[in-house]
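# Notes for the structure review
Given next are the chains, with one letter for each unit.
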Amino acid sequence: MSEHKITNILVAGIGGQGVMTAAEILAQTALAQGYDVKKTEVAGMAQRGGVVTSHVRFGDKVLSPAIPPGEVDILVGFEPAESLRWCSHLRPDGVAMVSTTRQEPPVVSLGLFDYPEDPVGQMRAADIHMHAFDAGAIAAGLGNFRLVNTVMLGAISEYLPFAPEILKNVILERFRKHKPKLVEINEAAFEAGRAAQATA
Amino acid sequence: MAAYPGTPATEILEYASRLPEMYSEWSVNEKVSLEVCIGASLAGSRALCAMKHVGLNVASDALLTQTLIGVGGGLVIAVADDVGLSSSQNEQDSRFWGRFAHVPVLEPSDAQEAYNLTRFAFDLSEQFNTPVILRMTTRICHVKGVVTTSERRPHNSGVGFQKDPARLVMIPTNAKHRIPLMYQREERLQQYSEESELNFIKEGSDSRIGFVTSGPVYMHIQEAYPEAPILKLGMSYPVPLEKIRAFAAEVGQLVVAEEVEPILELEIKAAGVRVLGKEILPRIGELAPQVLRPAIGPLIGEAPADKPTPTQSRANVPEVKVPPPPPGSSLFPRPPTMCVACPHLGIYYCLSKIRNKSISGDIGCYTLGAGHPWNALDTTICMGASMGVALGLDKGRTDVDKEQKIIAVIGDSTFMHMGMQGLLDITYNRGNVTILLLDNRAVGMTGGQDNPGSGRDIHGEVSPRVNFAKLCEALGVKPERIHEVNPYELPTMFKALREEVKIEDTSVIITNQPCVLVDFYAAKPPLRVEDEKCTGCKNCLDVGCPAIYVTRRETVVKPNGKEKELAFVRIESSACTGCNLCPSTCGPDAIVPVENFVRR
């Protein structure tokens, strides 16, 4: 990634999954590292179960806050079909970090549309460099589904232009301030995400 | 500072309200918020009201006369256009208001400029005795960036409210003397705009194309064409036409890139300057780099990407290799949905089961009732329109619609914003309309802000809570035609609705359960489906709750030979909050509470 001056991270998922929080944490971490940072959302009715994407860009000087299609370095996909929806925005040498926990919208339950059989397979067939694992199951295994966010951040931490520990500390610091009881479990989630990425 | 919540401008007041030394309020609508700010300005304080684009339509009545009287303390109107319609009923260009009201328009291009120009706007307002429009777009409001702040300066005019009827009482004899002053002010602002450093040239080494632009497009152009010279207008009205004329002479081809209407373009062309604009650029949506490139490329000899033309794809011409569609391009849509356990779910479940109805809707989460599975909204126009439209559907009906039941659906906040007057019109004119007033005690769609129905102010402090039943009665609805129901109790809800649509009078059914996103919403233990009892009837899916998932489908042949689709379901317990709506749609009682549940 070093040949690009700007690091472009696209976080994609569904309203309520923690997409915006993950993007916020990434932006905050990059800011603390001295980068110029811009972050923007397309999430009009974000809390309503619709598609949510958040763009995080950092580097020497960031101009447009939205990442042009085809220039995403890291796609953080909180859901497999949403990852498939956005994977064409990756650079040829970009990477997708995909949680395979499926979340079908009501239009699928109602039988109006089909959910793809194998979204991860479709991405592999399109030669997308990818790590896919069930972040929902990892979070649930640690005892709290909301940890998906931290699991995903842990997973992408190896791909950032700064050390994974720097991102981890920003996350843990947030919890230390607001919910100290959750520091330990978030550290475990971060490390579990890192480990999952390494083997997926 | 005052505002009515509206995407993408809501956050302005949410942040401002954290400053205890500054007065801030949620107003009931944008017109009131501007009027409050006019009063505060005349009292000698600086004032800012924030709104989304359509909010300024509502506030425009105040603006178009306020511009005649001028200001006391600086007066700024921050208005955010939803370019690309992420969460709005239309796409508007608020820069028109600058022309209409003869007031200056400032346009930031990123977060830092939003900060700088807001500060500057107050000074400009006081210097020229004018309200100032700070025009933003979604790409300014929903962006976070690095901002360097400067020292805060407390503002105090020290003079207080200056009574001056000839200036402040806009009766015809007074107003006609103010109009020439407004035009003189505009001329001085025109001169100012020509000289202002807010309108500057960013030099570039490749002057084949020169851009005139304002707002976030400035960033998009630099991203797409880093070497192009740009005349960037921080003060986009009055338009510095001489500066533009001089710039045009320095570049090969002048292009004006503006979101979204060709406003600068028309004025530049009227001044006799040769410029390209909406002939090559789209008239809707954002002018992001990927939108600029295919429009600008051909001007500088860059061919647009190969696209098969219709003739090429015919069988009798040599085969052209069409690239495969990118992965994910044929995926199901994921539109916004109502939340799990939303109190509106039961209401729309009932509405979808009523026959021969016409339903006028309004602006809020309940607009989603137009979607699947309910399909129970027939119109949505603007804030409060459900009322007048319903009365019009009643009074304007012809024989074909004689039996049609006219229903209006409106939320608590929208009702107080602009719906109450419509209800008064319905009762005054004896309309045969059944009104569903969905009181969920919050401005739901924008994130659950407080309003007079929640009984809390912007800081969460207790304030008088409006009594909707009494309010409707005061507006002329007969007490026996007003019902307050719990929307989770489907039989009660159904009964009230079925009875009231039959009665030829104005009725109001008020639902009384809070939005699931408010802090005082109390989740109950979740529900689950007993697999062995589920018959696959799909009735529960008609509720439309996103926590209900289909596990398998089956097609069975009924004794009469017809095929029937079955769908067996499960409930996601991590999402379900036990609102108990779906069990009342389940014949075989297959939906039961999860035992010994611990919510984390």
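Structure first, text after, so check above.
Residues numbered from 1 in each chain as written. Chains lettered and ligands numbered in written order. Predicted model: local features only at pLDDT ≥ 70, side-chain atom pairs only at ≥ 80, totals over all residues.

### So, the sheet that holds strand β4 (residues 75–81) of chain B
Residues and elements named next belong to chain B. The seven strands lie next to each other as β2-β1-β3-β4-β6-β5-β11, forming an open sheet whose pairing is mixed. The open sheet has two edge strands with one neighbour each: β2 (25–26) and β11 (235–237). Two elements, strand β1 (residues 2–3) and strand β3 (residues 47–52), share two bridges in a ladder whose sense is parallel. By the bridge assignment for β3, alanine 3 is matched with alanine 50. Taken strand by strand, helix α3 (residues 53–69) contacts β3 and β4, and its axis lies near 135° from that of β3. (Pairing = 2+ DSSP bridges. Helix = DSSP H or I, 4+ residues; strand = E, 2+ residues; numbered from the N terminus. Contact = placed C-beta atoms within 7 Å. Axes fitted to C-alpha atoms, helices over the stretch in contact; angles between N-to-C directions.)

### A short note on the packing of helix α13 (residues 344–353) of chain B against helix α17 (residues 490–502) of chain B
Residue and element names in this part refer to chain B. The geometry of α13 relative to α17 is characterised by a closest axis approach of 10 Å and an angle of 50° between their N-to-C directions. Considering their axes alone, α13 and α17 lie oblique with respect to each other. Remark: the crossing between α13 and α17 carries right-handed chirality. Note on element contacts: α17 touches α13 through Leu490, Met493, Phe494 and Leu497, opposite Gly346, Ile347, Tyr349 and Cys350. In the contact of α13 with α17, the residues fall into seven nonpolar, one polar and no charged. (Parallel < 35°, antiparallel > 145°, perpendicular 65-115°, else oblique. Left-handed = near helix turned anticlockwise from the far one by under 90°. Nonpolar A, V, L, I, M, F, W, Y, C, P; charged D, E, K, R; others polar.)

### Thoughts on the packing of helix α5 (residues 135–142) of chain A against helix α6 (residues 148–156) of chain A
All names here are of chain A. Direction vectors running N to C along α5 and α6 enclose 120°, while the axes themselves pass 8 Å from each other. By the angle between their axes, α5 is oblique relative to α6. At the point where α5 passes α6, the crossing takes the right-handed sense. In this structure, α5 contributes Ala135, Gly136, Ile138 and Ala139 to the contact, and α6 contributes Val148, Val151 and Met152. The residue inventory of the contact of α5 with α6, partitioned by class, reads six nonpolar, one polar and no charged.

### Considering the interface of chain B and chain A
Taken together, the contacts link 43 residues of chain B with 48 residues of chain A. Of all elements in the fold, only β7 (143–145), α9 (217–224), α12 (289–296) and β19 (548–557) of chain B reach the threshold of two or more residues within the side of chain B that touches chain A. Element by element, the count of residues in the side of chain B that touches chain A is highest for α9(B), at four residues. Across the side of chain B that touches chain A, the residue classes tally to 24 nonpolar, 14 polar and five charged. When strand β2 (residues 36–42) of chain A meets β7(B), the two strands line up antiparallel, connected through three bridges. Bridge assignment links A:Lys39 to a residue of β7(B), and that residue is B:Lys144.

### What to know about helix α7 (residues 164–178) of chain A
Count 3.6 residues to each turn of an α-helix, and residues three or four apart come out pointing the same way. Residue and element names in this part refer to chain A. Taking 1.5 Å of rise per residue, 15 residues should cover 21 Å, and α7 covers 22 Å from first to last C-alpha, within 8% of that figure. For α7, the complete set of buried residues consists of Leu167, Lys168 and Ile171. The buried side chains of α7 occupy one side of the element, clustering within an arc of 100° when seen end-on. Facing away from the buried side of α7 by over 90 degrees, the exposed positions are Glu165 and Lys177. Of the surrounding secondary structure, the elements contacted by the buried residues of α7 are α1 (19–32), α6 and α8 (183–199). (Expected span 1.5 Å × (residues − 1). Buried ≥ 20, exposed ≤ 12 C-beta atoms within 10 Å, placed from the backbone. Arc of directions from axis to C-beta.)

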